[in-house]
Structure formats: C-alpha cells, structure tokens
Amino acid sequence: MSPTSAHDVRCMMESLACLLRPSFLNLLFQYRRLFHALAVQELNKAAVVPIIISWVDAVLARLGEVVSFVASAMHDRYFDDKLPEALRKRRDEDNLRAAAQLPDRWDSVPSILTSEKASPAAKRLALRLATDVPLDDSMVSLLPYLTDFMQHTVVQLSECSPLHAQHQSAFQERMNCAMLLSLFALVDSTISAKDTETDVPFRPYTLATVMRLLRFVMLVDNKLSVQTIVSPCPDLDAPQVVLILWRHFVPWTWRLLAECNGSDSETIIFLTSTWLHCAFDSDPQTTISMLSTFTGDEHGKYMICAYLTYFSRLLVYLSSAPRPRNLTTTQTDVLLKTCRYFVHWSDSDLLGIRKSSDCCRYLTLLFVYLSCIENGHDASDYVTHAMARMQPRSLRDGWKQAIQESSTFYDELEKSMSNTRIQLLGDKPDRNHICKAKQFLDFLTIECFSNVQISNQKFIIEFLEATMEYLRRESAKKELPNLFASFLSCLTAFQRGQPGIRVCDAPLLSDAESIWQVAMDNTTPELAMASAFALHIILSRRLPESLTQVEAWDYLRNVLLMVGSQDYLGDESPLALVVNPTICDALSQLLKHADEHAAMVMQSSPWTSHLQSALQRIQSSDDCPNLDDYSSWLKKRISKPATDLMDQIARTSDAGELRQATPAIDIIPCRIDGLFQLVCVLRAS
C-alpha cells in the first residue's frame, strides 16, 4: 500500500492499531498453537521434523515489516525499496523462519531477545512486535530484556568491522538499534513517570550502552566537529527518522545530559538540533503551539537544560577560529526555534526561569556573539525579548558570569558596537546596520534599567552620540521612529542606571532641545516612540526651552486623545492600554514644571479642554451598560493618572526642580506590524 493522502495514512494507522491490539495478538498466537499442534500430529511419523510454518507466522512476519515501515514514518529511503527481487525473496523466507522461532505465547515474545538459540532475524521480529506492549505495569517486565539485548547488540557492533552506512546489513542493524532505543525510551519514561523520586534514569553501564547505540544510528561517519554539533542532519534516512519523528525519544534523552560526558552530550545536542529542524514546521505559531506537549513538569527542566547546552555549543562554534561570518540556513532555523522557546518560557515564567542567572548568562553571551555575524538579526530580537522578561538581579548575575566565562566578552561587544558606530557615521549605512544599532540600544536599555554595572561606559556614550548624529542627519527616513524610540529608551536608562555619569560631557546627548525636536518630528505619533518620549520627560533632569515644552505637550496630548478615541488599531491597540498611564504622568510633569506663560498656553488650549472632557467621559463610563473590553480596560488603566492630570490642569504651575525620584520601570517586549520593539513604561502602582 502506498499512502497518497493524509486520509489514506490515517485509515492505514487505524487498521494497524486494530491488528496490534494485545487481544488480537493473543488470539493469533492461540491459532498458531492450534495449527502447530495439528501439523505435529500429521508429521508424527516423520524421521526429521521440518520447520513448521503456518499462515499465522506469515501474518506475524508481515506485521513486523509493517511496524518497521510505520516506525520510519513510511520514509522514501526505506531500504526495502532498493532490494533486488532475489534478495527480497530471501528476506521473506528469513522472516518466515524468524516467525517460526517465536514462542507459543504472545506474552513470552520478549524472552526471545535474550535467547541464545534465537536467530538475529527472530530477535528483530520480536523487537518489532514488542512495540505493542501496553503502557501499564507489564512494561516493567520488558525492561530487563531490552537492557540485556542492548548490551548484546553493543558487543556485536564492537566485534564487527566498520560497515558503510549505505550497505544493507548495516542499514538493518541501524534500523534495529533505532527501534530498540525508541522502545527502551518509551518503557523507561513510562516507569519513571510512576517513580518520580528517581532522578538518575539507570545504571552507568546502561547509559554507556544507550549512547553507543545512539551514535551508531545518528552518526554515519561517527564524527562530530564544533560546527556539525549545532548543524542538523540535512537528509534523514529511515533509522534516524525513527528517533527524530517519534516525539517521546528526544525529550527522553534530555534526562541523560546531567550524567553524560562531553562527547555523549554533543551527540544529544546534535540529535536535538536535528529534531528541532525536522520535527517542527517553520511557522513560528506552529512551533509555539507544540510547546504544551513538552513543557510540563516532566520535561520542562530537562528541556531548558538541553537548550542551554545547545547554546553553550553554539557559542563555542561562534567563537571558534576561523570565526564564521554567517550561520547556515539550517543552523539559523534551529537557533530561531530555540530562541522562540525561551521567549515562550520567559513570557510564561515556566519553572521560574526569570530568576535563572544561567539563562541570563547564555542569553547575554549569545547576543554579543550573534552581533558579530552578518545574519544574526532575527535571533538577536528573540534573545532581547527573552532578556526583557528576566528579573534584574538575574540579569546582573548573568552579566558577571558572562564576563567570568568569556575573557573576550567585552572585547567582542566593543568591537561589534564600534563597527556599527562607524557605519552610522558613514555616508550610507544600510538597513542591516540600522537594525543592528537598534538591537544594541535595546540590549543596553535592558542592562541599564536592570542596574548592570558596565565598566567601560565611554564606548556606550560614543555609540549613543553616533546614533544621535545619524538621527539628526536622516530624520526624514521612514524606519527612524523605531530607531529613535530605542535610542531614547537607552539614553533614559543610561542616565538613570549609571549614577555619576556626566552625560553633559557629550554635547549631543546634553542637547535636550535637539533630542525633543527629533522625538516630535513625525506626523503620525507611534506609540513606542510616544512612550519612550514620555518616560524620558518623566525621568529627565533638565528641560528644553518653554516653546519646546509646549510642543511636547501638544504632541503627547494628541497621542492621549487618539488612545481615548481608539484610533490605534491592530498590534498597537493593546499597547495603547499599556502606555497611556505613562503619557498621562509625562503631561502632568510638563505642566507641573512649566513656567507661568508656558503653563497658561497648555491649559488654555481648546484641545486641552477636549482632553479633559474625554478623560471625564472615560472615568464616568460606569453609566454605560454596553462598555466594550477596550473601554473597560482603558478606564482601569488610566483612572488614577487621569485624575492627577486633570487636577494639575486645574492648578497653576509649580515651576521648580524636576523630581529626583526613581520610579520602577516595566520593560515590555512586543511586535508591532511584525517588527520587534521594546516599550518602557512606569510600573503600575
């Protein structure tokens, strides 16, 4: 049968499931005993009793072939398709003889695995039929047979001369080992799920046996390099498919990492990379939807450990000599999928991952080394997203650990930022350099708001100045609002998080007039830009000229009016609910510290009166019985800041020193029209 559609495959699998039910197999073996007994009676007077083969043996032999074929996901490189007709007939005869060697009872089939009298073909058939052992207490009895058979197989492999992977006998051995490993993993997982107090899966020599068989199946040439460890196998054959596409095996191997030596852990990471590349669709939403299968209490911590180990191997490759300039397409695919997992985990705080300094260490190192290659932009955004969710203390500890682990950490960071700074100061920086500059700014924003102590602050000031120079020169370009939002957030975080820094020594960064003007230099205010500008106003220690303050008032007031009238749609709609309290506080700050004439202009504007009416309408919306979700959330979010703003509008200005308090900040990673953006807002009280 050659399935041509998903429906054909489903029907075939349902039929096979019926045939492999323990009750049906028990019935088959009963018929087998009956026909064997009848045959023995007929041959009672024969001098030499031949091998007795019944129709049941033919069915069992064929079932073994079908199980093997299905286990390889009906792979188009399954070896049977290439056999010549003569060898195919010989194989069929061998399978019949193997079926004839099976015991009389179905529940005794696993004992063939350790029998010294059974042929290799009989053991192979017994193994394939044993995959139908029910997932209950009977599996405990199967484990010793599988363990002994694995050790016997390893001894056989060590005694044989190396065979090329394309050879039929070697292929069959690899297929046999793949099914043996898959069944052993399933049995061990089922038993371990009932024995939650046991962390070590089995004895050391069993672990060595498992890893030897795993290398035999996965590594055709039995070699791994720094590069191939993190490079998935591009073209799977049937034995590799058995391990990769049957979902229980790879998560099971993650439990072994803590007990493995270096070469064994590399094999598991290679297996994991191949699994990520081949077992998941490239669509991010499809990948994330699969997470619920693997991230429960049973596999969650092992999965995180495995992916951190993958990061460590990837960092070795990225820092190796000669340095890679790009990641391959398959390497990038695996990296992006892994990073999406960390985004998912950090968003949901699975197993308290936000407190993990190890995660922060690897994410920090990974960001720096990805900045040194040409195609690391997409992955860097995911790394930044995950870092934005981590707790500040974890980020500080992770930064210290990164410096201790990599002696070239600072050098690599400064070198990469210096190259990007030079490009910004050049005549025509391309889009990749602008994207990389934005990512550096987002990275520094997270570190500075987390009070990470960066020893060399001069190169940060130089980078900020180069960015500001570029923004002033190219303010009309379409992609600049996102860059400026990141710049303003980074500047605000740097001034706040590094006490004692004299930014006034940097002329462009001390020019509040120019910074504010560039911030307001777009006709349609973007929320990320407006939020960064509002937070900068709140935390700023100096204000520009009064006219610029009035312009800023008009700018943020219009944004708040647009939020109240639900003018922000799509991805910006939920973001509008998040940033509106920060914008309210910034307006209060402007009005509070404006001089008398500027405050009068702000208060007397008809649009300010319109804003007051809109805020009052939002606060009194309880009278509306059919309040939509947006309006309901807007009222909850804006209630107190709006009250403070209206009180400030009603009072006269209080021009004086800007407040020196350091309110708590929330960093919110999001995507607006597919582009990654960090949004920094005041933490809700």
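Coordinates for the structure precede this section.
Below is a summary of the structure that appears in this document. The shown structure was predicted, so the numbers you read here are calculated from the model rather than taken from an experiment.

Of all 8 residues making up strand β2 (residues 675-682), 7 are buried, and the element is well covered by its neighbours. Inspection of the sheet shows strand β1 (residues 665-672) paired to β2 by 8 bridges, in the antiparallel sense. Following the sheet pairing, D666 is matched in β2 by V681. Between β1 and β2, which pair antiparallel one after the other, the connecting turn spans 2 residues, and D673 there sits at a positive phi close to 55 degrees.

Within the structure shown, the criterion is met by 2 cavities of 30 Å³ or more. Contributing to the lining of the largest cavity are A61, G64, E65, N95, A98, A121, R124, L125 and R128. Listed by contribution, the elements that provide at least two residues to the lining of the largest cavity are α3 (55-71), α4 (85-100) and α5 (120-130). Top element by residues in the lining of the largest cavity is α5. It accounts for 4 residues. Approximately 40 Å³ is the volume attributed to the second largest cavity. For the second largest cavity, the full set of lining residues is L560, L561, V563, G564, L611, A614, L615, I618 and I638. At the level of elements, α25 (546-564) and α28 (606-619) are the ones that each hand at least two residues to the lining of the second largest cavity. In the lining of the second largest cavity, the residues fall into 8 nonpolar, 1 polar and no charged.

Further remarks concern the packing of helix α17 (residues 377-389) against helix α20 (residues 431-449). Contact geometry for α17 and α20: axes closest at 10 Å, N-to-C directions at 15 degrees. Here α20 runs roughly parallel to α17, going by the angle between their axes. Helix-helix and strand crossings are classified by hand; for α17 and α20 the assignment is left-handed. Between α17 and α20, the contacting residues are H377, S380, D381, T384, M387 and A388 on the first element and N432, C435, K436, Q439, D442, F443, I446 and E447 on the second. Looking at side-chain class alone, the contact of α17 with α20 contains 5 nonpolar, 5 polar and 4 charged residues.

Let us now look at the pattern of salt bridges. Scanning all chains against the criterion turns up 18 salt bridges. A salt bridge links D94 to R97; its shortest N-O distance comes to 3.5 Å. Of this pair, D94 and R97 both sit in helix α4, 3 residues apart, which is roughly one turn of that helix. Classification of D94 as partly exposed rests on a relative accessible area of 28%. On the basis of relative accessible area, R97 is assigned to the partly exposed category, the value being 39%. Of the charged contacts in the structure, one is a salt bridge between E374 and R325, with a shortest N-O distance of 2.5 Å. Of this pair, E374 sits in the loop between α16 (357-370) and α17 while R325 is found in the loop between α14 (300-318) and α15 (329-348), placing the two residues 49 residues apart along the sequence.

This part covers unusual backbone geometry. A negative phi angle characterises most non-glycine residues, just as the trans form characterises most peptide bonds. Look at N451: it is not a glycine, yet its phi comes out positive at around 60 degrees. Within the secondary structure, N451 is located in the loop between α20 and α21 (458-473). Accessibility expressed as a relative area gives 37% for N451, which makes it partly exposed. The phi angle at Q566 is positive, at roughly 60 degrees, despite the residue not being glycine. Looking at the element boundaries, Q566 is found in the loop between α25 and α26 (572-593).

In this structure the tally under the stated criterion is 23 aromatic pairs. Look at W254 and Y307: their rings are 5.8 Å apart centre to centre, the planes differ by 80 degrees, and that puts the pair in the edge-to-face class. Of the two residues, W254 sits in the loop between α10 (249-253) and α11 (262-279) while Y307 sits in helix α14, which places them 53 residues apart along the sequence. Accessibility assignment for this pair places W254 and Y307 in one class, buried. Ring geometry for F367 versus F443: centroids 4.3 Å apart, planes at 5 degrees, classification stacked. Here F367, found in helix α16, pairs with F443, found in helix α20; they are 76 residues apart in sequence, far enough to count as distant.

The topology assignment puts A519 in helix α23 (residues 512-519). The sequence separation of A519 and Y555 amounts to 36 residues, and the corresponding C-alpha distance is 9.6 Å. A519 has contacts with F484, L488, M529, F533 and Y555, leaving out every residue within four places of it along the chain.

Let us look at α15. Helix length check: α15, at 20 residues, gives a terminal C-alpha distance of 29 Å against a target of 28 Å (1.5 Å per residue), a fit within 8%. Looking one or two places after α15, you find D349, whose phi comes out positive at around 55 degrees.

Applying the stated criterion across every chain yields a total of 0 disulfides. There is no disulfide at C305, and the cysteine sulfur nearest it, in C359, is 9.9 Å away. Sulfur of C490: no disulfide; nearest cysteine sulfur belongs to C448 and is 5.7 Å away.

Running from N to C, helix α24 (residues 527-539) and α25 point in directions that differ by 130 degrees, and their axes come no closer than 11 Å. Regarding the angle of α24 to α25, the classification is oblique. Here the hand of the crossing between α24 and α25 comes out left-handed. Residues L527, M529, A530, F533, A534 and I537 of α24 touch α25, and the partners they reach there are A552, Y555, L556, V559 and V563. The residue makeup of the contact of α24 with α25, split by class, is 11 nonpolar, no polar and no charged.

This paragraph deals with the environment of Q677. As for its placement among the helices and strands, Q677 is situated in strand β2. Taking relative accessible area as the criterion, Q677 reaches 1% and is therefore assigned buried. Remark: the alpha-carbon pair of Q677 and A528, spanning 149 residues in sequence, is separated by 7.3 Å. Dropping the residues within four chain positions of it, Q677 is found in contact with K438, N482, A485, S486, A528, I668, P669, C670 and I672.

Taken together, L27, Y31, L34, F35, L38, W55 and V59 make up a surface patch of nonpolar side chains, about 610 Å² in accessible area. Elements supplying a minimum of two residues to the nonpolar patch: α2 (22-42) and α3. Element by element, the count of residues in the nonpolar patch is highest for α2, at 5 residues. Examined against the element boundaries, V59 turns out to sit in helix α3. Judged by its relative accessible area of 31%, V59 is partly exposed.

The rules behind the values
- Residues numbered from 1 in each chain as written.
- Predicted model: local features only at pLDDT ≥ 70, side-chain atom pairs only at ≥ 80, totals over all residues.
- Heavy atoms only, no water.
- Buried < 20%, exposed > 50% of the residue type's maximum accessible area, 1.4 Å probe, protein only.
- Helix = DSSP H or I, 4+ residues; strand = E, 2+ residues; numbered from the N terminus.
- Pairing = 2+ DSSP bridges.
- 1 Å grid on protein atoms, 1.4 Å probe; cavity = no way out; pocket = protein on both sides within 12 Å on 5 of 7 lines; lining within 4 Å.
- Points joined across faces, edges and corners; volume = space filled by probe spheres on them.
- Nonpolar A, V, L, I, M, F, W, Y, C, P; charged D, E, K, R; others polar.
- Axes fitted to C-alpha atoms, helices over the stretch in contact; angles between N-to-C directions.
- Parallel < 35°, antiparallel > 145°, perpendicular 65-115°, else oblique.
- Left-handed = near helix turned anticlockwise from the far one by under 90°.
- Contact = heavy atoms within 4.5 Å.
- Salt bridge = Lys/Arg side-chain N within 4 Å of Asp/Glu carboxyl O.
- Phe/Tyr/Trp six-rings, centres within 6.5 Å; stacked < 30°, edge-to-face > 60°.
- Expected span 1.5 Å × (residues − 1).
- Disulfide = S-S within 2.5 Å.
- Patch = residues over 30% accessible without salt bridge, like charges linked within 9 Å, V, L, I, M, F, W, Y side chains within 5 Å.
- Areas by Shrake-Rupley, 256 points an atom, 1.4 Å probe, with all protein chains shown as cover.

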